[in-house]
Amino acid sequence: MKKIFLIAMLTVLGITISNAQETSKKSKKAKTTATASLPKVDGAGMVFENETIDYGTVAHNADGNRQFVFTNNGNKPLIITNTQGSCGCTVPTTPKEPIAPGAKGVIGVKYATDRVGPFTKTVTVTSNAEGQASKVLTIKGTVLPDAAPAATKS
């Protein structure tokens, strides 16, 4: 009886490990395929993983930092010359060094979550990307007001 139980447990464990390895292989293959399938550009290129970041619903004064990740899909270095938020409440950060062909880069953005209510703001990116000297990225979400203090009984 113990042998049958042990064999059954080892079989289940073997199947679980095998499935986990297959999932891992598929995940790695999907990532490789996604990178390899970017359209190639003659010159510098810029393809973003997401052009819109949805903060969702965030607490008042929550961390407003997010990142736009992009890849240079060209054959020349990508140089970002400027990033500009649509208002003072949206502050982007720009990579200082050129982004090599095939390399990833990040444009950081910080939204001032001290402003309560819904928001939609943009960040304009200026670069030497072939065919798109400027690119507009969007952030959106809603900042919740602070919870009302509970009433005290007298």
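Below: a short report on this structure. None of these values were measured; they are calculated from a predicted model. (Residues numbered from 1 in each chain as written. Predicted model: local features only at pLDDT ≥ 70, side-chain atom pairs only at ≥ 80, totals over all residues. Heavy atoms only, no water.)

## Points about the environment of P145
And then number 1: Within the secondary structure, P145 is located in the segment after β8 (134-143).
And then number 2: Take P145: its relative accessible area is 55%, and that puts it in the exposed class.
And then number 3: With residues near it in sequence (within four places) discarded, P145 still touches H60 and V116. (Helix = DSSP H or I, 4+ residues; strand = E, 2+ residues; numbered from the N terminus. Buried < 20%, exposed > 50% of the residue type's maximum accessible area, 1.4 Å probe, protein only. Contact = heavy atoms within 4.5 Å.)

## Observations concerning unusual backbone geometry
And then number 1: In the Ramachandran plot, N61 falls in the positive-phi region, its phi being about 65° despite a non-glycine side chain.
And then number 2: Mapping N61 onto the fold places it in the loop between β2 (52-58) and β3 (65-71).

## Describing the environment of Q132
And then number 1: Take Q132: it is sitting in the loop between β7 (117-127) and β8.
And then number 2: Separated by 88 residues in sequence, Q132 and A44 have C-alpha atoms that sit 9.9 Å apart.
And then number 3: Apart from residues no more than four positions distant in its own chain, Q132 is found in contact with M46 and S127.
And then number 4: Here M46 takes part through its backbone oxygen, which lies 2.8 Å from a polar atom of the side chain of Q132. (Polar contact = N/O pair within 3.5 Å; in protein donor to acceptor, adjacent residues only side chain to side chain.)

## Re the state of the cysteines
And then number 1: Summed over the entire model, instances satisfying the criterion amount to one disulfide.
And then number 2: One disulfide in the model links C87 with C89; its S-S distance is 2.3 Å. Because the torsion about its S-S bond is -50°, the bridge between C87 and C89 counts as left-handed.
And then number 3: Relative accessible area serves as the criterion here: at 25%, C87 is assigned to the partly exposed category.
And then number 4: A relative accessible area of 3% means that C89 is categorised as buried. (Disulfide = S-S within 2.5 Å.)

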